[in-house]
Amino acid sequence: MSKKNNMRFNDLDIYNKKFSKKFLYQSKKILLKNKFIFSEEVQQLERKLCKYTKSKYCITTGSGTDSITLALMSLNLKKNDEIIIPSFSWLSVVESVLLLKLKPIYADIEISSFNIDINSIKKLITKNTKAIISTSLFGRPSKLIEIKKICKKNNITFIEDAAQNFGSIIKKKNCLSIADITCASFFPSKNLGSFGDAGAIFTNKKNIYNILIKLRNHGQSSYSISKFVGLNSRIGSIQSSILILKLSFIREKIIKQRRLYKSYENFFNKKNIFGFPKLEYGQAVSHFNLLVKKRKILINYLKKNKIPFKIYYPKPLYTQFNQRIKIKHKITEQVCNQIISLPFNELNSFRHKKVLNLLKILIDNRRGIFFEKKN
């Protein structure tokens, strides 16, 4: 099978080629300098990320998961302090809470955005609530400004999980500069993706920055001297160099992703099919997710035609890690049962057109799989 016809879920196989020569050149320079941790490249990346996000401080980390864990560690919380989190998200959000022996409190989500529901948050706040973590899924910001107001009113720390939201803006404000602490991931498939694991934390609060800068490096205040337990969570020089390269192309990448999302949106609108969030100004969308009535039938059709897909996410977070929690959130349960993510192939129009053609055939010949508008 030719590479042209080899369908992938995303365009990483094509996108990363444009950086390969420059990356190899940069890597050779780093090898000659023989400095791989806390190097000039790391400092340069942190400065550039601050400038891009308009945040005062940036602390690079080993991964997005580490970023969330470190953010919670910086608050000096006690066992069973309550942390409100969305019930629909990636595992890291609750994993970090559980690792630190804190108590996750699950909020439902909005069906219109798949993000945490403001009204659900308000009902869950108690005197034991110490932080709220919002996750802006698939490049679509949560209601960050509204959540920040709620947190300020209740003296609660606001942590934003922006692992999937790098590049989005709200009211001309970069989404990574709004919360008290914002956590980013540079996993290879993210909007800004490295060639391995990497992450960052953003904040405008100097006291939080001063704590985090120690926490990510074993809690050290100076070499081999530490007053509190931290993590070994550092980004290396080589990963920093590829992120610096890719950051200069981020605007172009986001524009193409928005164009692709709009193509899917127009296609389904013409077919009178709904079940997906509308593209809005400033969103750095990274996936196209759709709610469908009969997901198994669609999955079988995609498999038969060798079209890759993903299920983000198949289970609510309150059912993960063997938690014994007797709750069920209506919207979360519905979304987990109905959501499917279609290939995101903007750089290769042949792949994208193939997906649309196959979907057209399915829709025209078999009704009742998708949510359809009544004429």
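Counting of residues starts from 1 at the beginning of each chain's written sequence and follows it residue by residue. pLDDT decides what is reported in this predicted model: residues at 70 or higher carry local features, side-chain atom pairs at 80 or more are listed and counted, and totals for whole chains, interfaces and linings draw on all residues regardless. Excluding hydrogens and water, the side-chain values take into account all heavy atoms of the structure.

Q: Mind showing me how you'd approach the packing of aromatic side chains here?
A: The description of an aromatic ring pair uses the distance of the two centres, along with the angle that the planes make with each other. Whether two aromatic rings pair depends on their centres lying within 6.5 Å, for rings of Phe, Tyr and Trp, where Trp uses its six-membered ring; planes under 30 degrees apart make the pair stacked, over 60 edge-to-face, and the rest tilted. Counted under the stated rule, the structure contains 23 aromatic pairs. Ring centres 4.9 Å apart and planes at 75° place the aromatic pair Phe23 and Phe195 in the edge-to-face group. On the criterion of sequence distance, the pair formed by Phe23 in helix α2 (residues 20–33) and Phe195 in the loop between β8 (181–185) and β9 (199–203) is long-range, its members being 172 residues apart. A relative accessible area of 33% means that Phe195 is categorised as partly exposed. Taken together, a centroid distance of 5.5 Å and an interplanar angle of 65° make the contact between Phe88 and Tyr313 edge-to-face. With Phe88 in the loop between β2 (82–86) and α5 (92–99) and Tyr313 in the loop between α11 (295–304) and α12 (330–338), this residue pair connects regions lying 225 residues apart in the sequence. With respect to burial, Phe88 and Tyr313 carry one shared label: buried. Numbering of helices and strands runs from the N terminus, with a helix taken as a DSSP run of H or I at least four residues long and a strand as a DSSP run of E at least two residues long. Only protein chains enter the accessibility calculation, which uses a 1.4 Å probe. A residue is then buried if its area is under 20% of the maximum for its type, exposed if over 50%, and partly exposed in between.

Q: Just checking my understanding: could you explain the sheet that holds strand β3 (residues 103–107) for this structure?
A: The strands that make up a sheet are held in pairs by hydrogen bonds between backbone atoms, and each pair lies either parallel or antiparallel. Being paired, for any two strands, means DSSP has found at least two bridges between them. Ordered by their spatial adjacency, 7 strands build an open sheet running β1-β9-β8-β5-β4-β2-β3, and the pairing between neighbours is mixed. Each of the sheet's edge strands pairs with one partner strand only, and the pair in question is β1 (57–61) and β3. Each adjacent strand pair in this sheet contributes to an overall mean axis angle of 20°, direction not counted. In the sheet, β8 pairs with β9 via 4 bridges, with the strands oriented antiparallel. Across the sheet, Ala184 pairs through a bridge with Ala200, a residue of β9. Two residues form a contact once any of their heavy atoms are found within 4.5 Å. Note on method: axes are straight lines fitted to C-alpha atoms, helices fitted across the in-contact stretch only, with angles between N-to-C directions ranging 0 to 180 degrees. Where helix α3 (residues 40–53) meets the sheet, its contacts fall on β1 and β9, and the angle it forms with β1 comes to roughly 130°. Against the sheet, helix α4 (residues 64–73) engages β1, β2, β4 (129–135), β5 (157–161), β8 and β9, with an angle of about 160° to β8.

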